[in-house]
Amino acid sequence: FGFKTAIFGHEQQDVIMSTPGLSIGALPAPRQAHFVAQVANGPSPSARASPKPELGPSASRIALSSCALGMFAGMASTGRRSSRTSRRSAELGGALAVREDENVEEADATEFVPKIHALQNQAELLRSGELRQVIETMKSLRKSELSSVISEVDELLSALIDAIQGLRDSALSSTEIRNQLESLDLVEAKSKPEKPNRPARKDSVETMMEVHVMGLSHHSAPVEVRQKLAVAEAKWNEYAQDLVNFARTSSGYVVPEAAVLSTCNRFELYFASPEQKKYSAIDCVNEFLREQSGLSSEELDPYLFNYSGHDAINHLFEVSSGLDSLVLGEAQILAQVKACHEHCIAKGGPEEEEKVQGAGGKIVAKMLNAGIRIGKQVRTRTKIGKGSVSVSSAAVELMMSRSMQDLRKPASKVHVGVIGAGKMSRLLLLALFSKHPDIKVTLVNRSVDKAEAVLEDELVKARGGSNASVASTDDMFDVMKECDVVFTATGSEVPIIHPENVEGRQRPLMLVDISVPLNVAKGCEDVENVFSYSVDDLQKVVQANAQKRQAEVEKAKKIISTEVGKFKVWQGSQGGVADFGG
């Protein structure tokens, strides 16, 4: 906990040694302020100047144990998660204290027995309510100080408890002292009413949860790998529930909470697990993804990323803010994160819009909701979205930049075919009509009525479409023969355009596939007079746009860093594992 040496000065020594099991809450208000100031800022000038009586090694240890245990014994349940190394160090510390005190007179040792017992009583008081005062005091510390407090207390608590137990069980070898301890325990047991036995919990999901994210994106994985893991939005909840059940054991759920985010540029699983099952949870999710994708560990693992705790939250906030998108600052990802949140909290049922219940749970749902709020905040407080383009509009930019070279005609004169009438196609039409309101377009969809509804959309109609028409997917290949450019944006899980469908063309054809899984099969790019592009080819189009907004990226990251800290505070209040790293 980093106590300054002056904390064991003359005045403080008297308080600590004469008040076994001292806690902050037990001190008068002026002493509380004085104590916290010395812990956070070091000793006062007067304390530095005043002579201090020398304390023996044993007395120093006892003072430190008394003070720290009194402040933090209420966190003992958290402290028990310390590493085995910490526990062994504590036992060694207790043993050393025993050896150094072997020469102490038995009378002095006898006088010390009630103090040991008082330490234990003080711990019980802390557990029953006084801990709240300690927490309030800790909240007043600066973030850097609080980070140091949490990490060191987590390691030292069990060591302090074990050290005191070592003093009691090992150091006090005198028969008379042991008799005193036993009599004290007997009196205390008689004075306390018996507590009913509580059933043991199978796991500690409610008190020790940590968040994780695993997946792949356009940064690390080619589209051919991303499409192996892509999940249609209608199946997000079913996929999440499959993961939860896949990771279930006889002792409980290894991954009790999960949510899926699958777009054309990324596939991500946000999940929470009991902290002590962290690595088991990560292994389970990894194995689940291999099983679902049909890829081996060697084929999938090089492309997967995995973040936990602080890094997982930071990643989500950057995703929702558009910092991690192919197109920096694009707004569509925020709507996709919102959809992820809505799915994960869905109740499910025959009469519900969402048939399968969401598997988000308290922690994951709260994190996704926070991500939506931060995404909006970043776009409001920075200019990260100014001048940015969506994937759909980047595809239009690609067509415009390549039309003369590939098609030997200007973009305004081409006949465009759009396969699909979903959100991506609507955005594509908005971008296309913004550049060329009168361009010739044929919108192809399985439902002709839905295609007509897209063209009648107020925003779409306001930007253009005077030469737009619709066609059924039954006529798709006939339409393609008349087109110069074909954009594909359907939800099909298998390719709908194959090399044999585009062979024998007399004039050039540009295929721009912005779907994941891919709508255009591999090999089409090798067909004569066919120029095929996928979402991975859009990177060059957006690089120049991104470089102009780097200053806004730094502003956004500062906002995100602050909000990650706030979420960790909330998570800690829910029993989540505090992790102030990063």
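Before reading on, note that the structure itself is shown above.
Quick look at the structure, then. (Residues numbered from 1 in each chain as written. Predicted model: local features only at pLDDT ≥ 70, side-chain atom pairs only at ≥ 80, totals over all residues. Heavy atoms only, no water.)

1. A closer look at the sheet that holds strand 12 (residues 530–534)
In step 1: Spatially, 6 strands are ordered 9-8-7-10-11-12 in an open sheet, and the strand pairing comes out parallel. Each edge of the open sheet is held by one strand with a lone partner, namely strand 9 (468–472) and strand 12. Sheet twist, expressed as the average angle between the axes of neighbouring strands with direction ignored, equals 20°.
In step 2: Pairing geometry for strand 10 (residues 485–488) and strand 11 (residues 509–513), over 4 bridges, is parallel. Following the sheet pairing, Phe-487 is matched in strand 11 by Val-512. (Pairing = 2+ DSSP bridges. Helix = DSSP H or I, 4+ residues; strand = E, 2+ residues; numbered from the N terminus. Axes fitted to C-alpha atoms, helices over the stretch in contact; angles between N-to-C directions.)

2. Examining the pattern of salt bridges
In step 1: Applying the stated criterion across every chain, the model contains 14 salt bridges.
In step 2: Note that Arg-266 and Asp-324 form a salt bridge whose closest N and O atoms lie 2.8 Å from each other. Note that Arg-266 is positioned in strand 5 (residues 266–274) and Asp-324 in the loop between helix 14 (310–320) and helix 15 (332–344), a separation of 58 residues in sequence.
In step 3: You can call Asp-324 buried: its relative accessible area is 12%.
In step 4: In this structure, Glu-563 engages Lys-566 in a salt bridge whose closest nitrogen and oxygen atoms are separated by 3.5 Å. Pair noted here: Glu-563 and Lys-566 are both in helix 24 (residues 550–573), with a separation of 3 residues, about one helical turn.
In step 5: What makes Glu-563 buried here is its relative accessible area of 6%. (Salt bridge = Lys/Arg side-chain N within 4 Å of Asp/Glu carboxyl O. Buried < 20%, exposed > 50% of the residue type's maximum accessible area, 1.4 Å probe, protein only.)

3. Some words on the sheet that holds strand 5
The strands that make up a sheet pair up through hydrogen bonds in the backbone, lying either parallel or antiparallel.
In step 1: Taken in spatial order, the 4 strands line up as 4-5-1-6 in an open sheet, and their pairing is antiparallel. Lying at the two open borders of the sheet, with one neighbouring strand each, are strand 4 (257–262) and strand 6 (305–308). Ignoring strand direction, the axes of neighbouring strands in this sheet form an average angle of 15°.
In step 2: With 9 bridges connecting them, strand 1 (residues 209–217) and strand 5 associate as antiparallel partners. Counted as the bridge partner of Glu-210 is Ser-273 from strand 5.

4. Points about the layout of surface pockets
Here the idea is plain: a probe the size of a water molecule rolls over the atoms and shows the empty space left.
In step 1: Considering only enclosed or pocket space, the second largest pocket measures out at about 1,200 Å³ in volume.
In step 2: At 5 residues, the largest contribution of residues to the lining of the second largest pocket is made by helix 18 (residues 423–435). (1 Å grid on protein atoms, 1.4 Å probe; cavity = no way out; pocket = protein on both sides within 12 Å on 5 of 7 lines; lining within 4 Å. Points joined across faces, edges and corners; volume = space filled by probe spheres on them.)

5. Structural notes on helix 17 (residues 391–407)
In step 1: Of all the bends found along helix 17, the most pronounced is centred on Ser-401 and spans about 40°.
In step 2: Backbone geometry just downstream of helix 17 places Arg-408 in the positive-phi region, at approximately 60°. (Bend = angle between axes of the 7 residues up to and from the residue.)

6. Thoughts on the environment of Val-418
In step 1: With respect to the element layout, Val-418 can be found in strand 7 (residues 415–419).
In step 2: Sequence spacing of Val-418 and Leu-428 is 10 residues, and the spatial spacing of their C-alpha atoms is 8.6 Å.
In step 3: Leave out the neighbours within four places in its chain, and Val-418 touches Ser-425, Leu-428, Leu-429, Val-441, Thr-442, Leu-443, Val-444 and Phe-487. (Contact = heavy atoms within 4.5 Å.)

7. Brief notes about the packing of helix 14 against helix 15
Two packed helices can be described by the angle between their axes and the distance between those axes.
In step 1: Contact geometry of helix 14 with helix 15 gives a least axis separation of 8 Å together with a crossing angle of 125°. Considering the angle they form, helix 14 stands oblique to helix 15. Two secondary-structure elements touch here, helix 14 through Leu-316, Val-319 and Ser-320 and helix 15 through Ile-333, Leu-334 and Val-337. (Parallel < 35°, antiparallel > 145°, perpendicular 65-115°, else oblique.)

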